[in-house]
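Analysis of the macromolecular model
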Amino acid sequence: MNPDAHAQLYGPTRLPPPRRGAEVAVTVVAAVLWSVALLLLQYLGFVALWAAADSGPTEGIPLSWVLICLAVPAVPIALFCTPVVRRRSVPVRALVTGLATFAIAVGLLIRAA
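Residues numbered from 1 in each chain as written. Predicted model: local features only at pLDDT ≥ 70, side-chain atom pairs only at ≥ 80, totals over all residues. Heavy atoms only, no water.

1. Brief notes about the packing of helix α2 (residues 20-54) against helix α5 (residues 90-112)
In a pair of packed helices, the angle between the axes and the distance between the axes together describe the arrangement. The cut-off we apply is this: Here the axes come from fitting lines to C-alpha atoms, over the contacting stretch only for helices, and the angles between their N-to-C directions go from 0 to 180 degrees. Every helix listed is a DSSP run of H or I at least four residues long, and every strand listed is a run of E at least two residues long, numbered separately from the N terminus. Relative orientations are named as follows: roughly parallel for angles under 35 degrees, roughly antiparallel for angles over 145 degrees, roughly perpendicular for angles from 65 to 115 degrees, and oblique for any other angle. Two helices crossing with the near one rotated counterclockwise from the far one by less than a right angle form a left-handed crossing, whereas a clockwise rotation gives a right-handed crossing.
It is the contact of α2 with α5, at a shortest axis distance of 8 Å, that shows an interaxial angle of 30°. When the interaxial angle is binned, α2 and α5 end up roughly parallel. The chirality of how α2 crosses α5 is left-handed.

2. What to know about α2
Put simply, the rule is: A helix is expected to span 1.5 Å multiplied by its residue count minus one. Two residues qualify as a contact provided that any one of their heavy atoms is within 4.5 Å of a heavy atom in the partner residue.
The terminal C-alpha atoms of α2, which comprises 35 residues, lie 51 Å apart, in line with the 51 Å expected from a rise of 1.5 Å per residue. Buried residues belonging to α2 abut α3 (63-80) and α5.

3. Quick notes on the nonpolar core
Keep this limit in mind: To define a nonpolar core, start from buried Ala, Val, Leu, Ile, Met, Phe, Trp, Tyr and Cys residues and group those joined through side-chain atoms within 4.5 Å. Relative accessible area decides the class of each residue, using a 1.4 Å probe on protein chains only: under 20% of the type maximum gives buried, over 50% gives exposed, and in between gives partly exposed.
Listed in full, the seven residues of the largest apolar core are A37, L40, L41, L44, V72, A105 and L108. Those elements giving two or more residues to this core turn out to be α2 and α5. When near neighbours in sequence (up to four residues on either side) are disregarded, L44 contacts A105, L108, L109 and A112.

4. Side note on the side chain of T101
Within the secondary structure, T101 is located in helix α5. Not counting chain neighbours up to four residues away, the residues in contact with T101 comprise W34, A37, L41 and P76.

5. Some details on α3
Put simply, the rule is: We define the bend at any residue as the angle between the axes fitted to the seven residues before and including it, ending there, and the seven starting there.
Helix length check: α3, at 18 residues, gives a terminal C-alpha distance of 26 Å against a target of 26 Å (1.5 Å per residue), a fit within 8%. Most pronounced at A74, the bend in α3 amounts to some 25°, and the proline P76 follows within four residues.

Shown next, in the form of structure tokens:
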């Protein structure tokens, strides 16, 4: 048995350096995903406020809205804190969290429709 087997199997991963062209493409895709996701979330917030104002006097903010407002930023932050994502470069981190935020925004838009 090789005494260095444990270090080879469970040691820190060494990622190859990214190519410059790929890094720029990942950054552009991440920026597009984030901008579309934030625009969708802004639209949903506007529609929710409009619907609340149109329904007349209310007892307060519904609990489901509070939970959604807490969950939307919590998911990308929790994903960002995982060790697998933290080992990646900054553009890849932005892409992964942007994908999660975009999926949440699309899911909320489908639920609202």
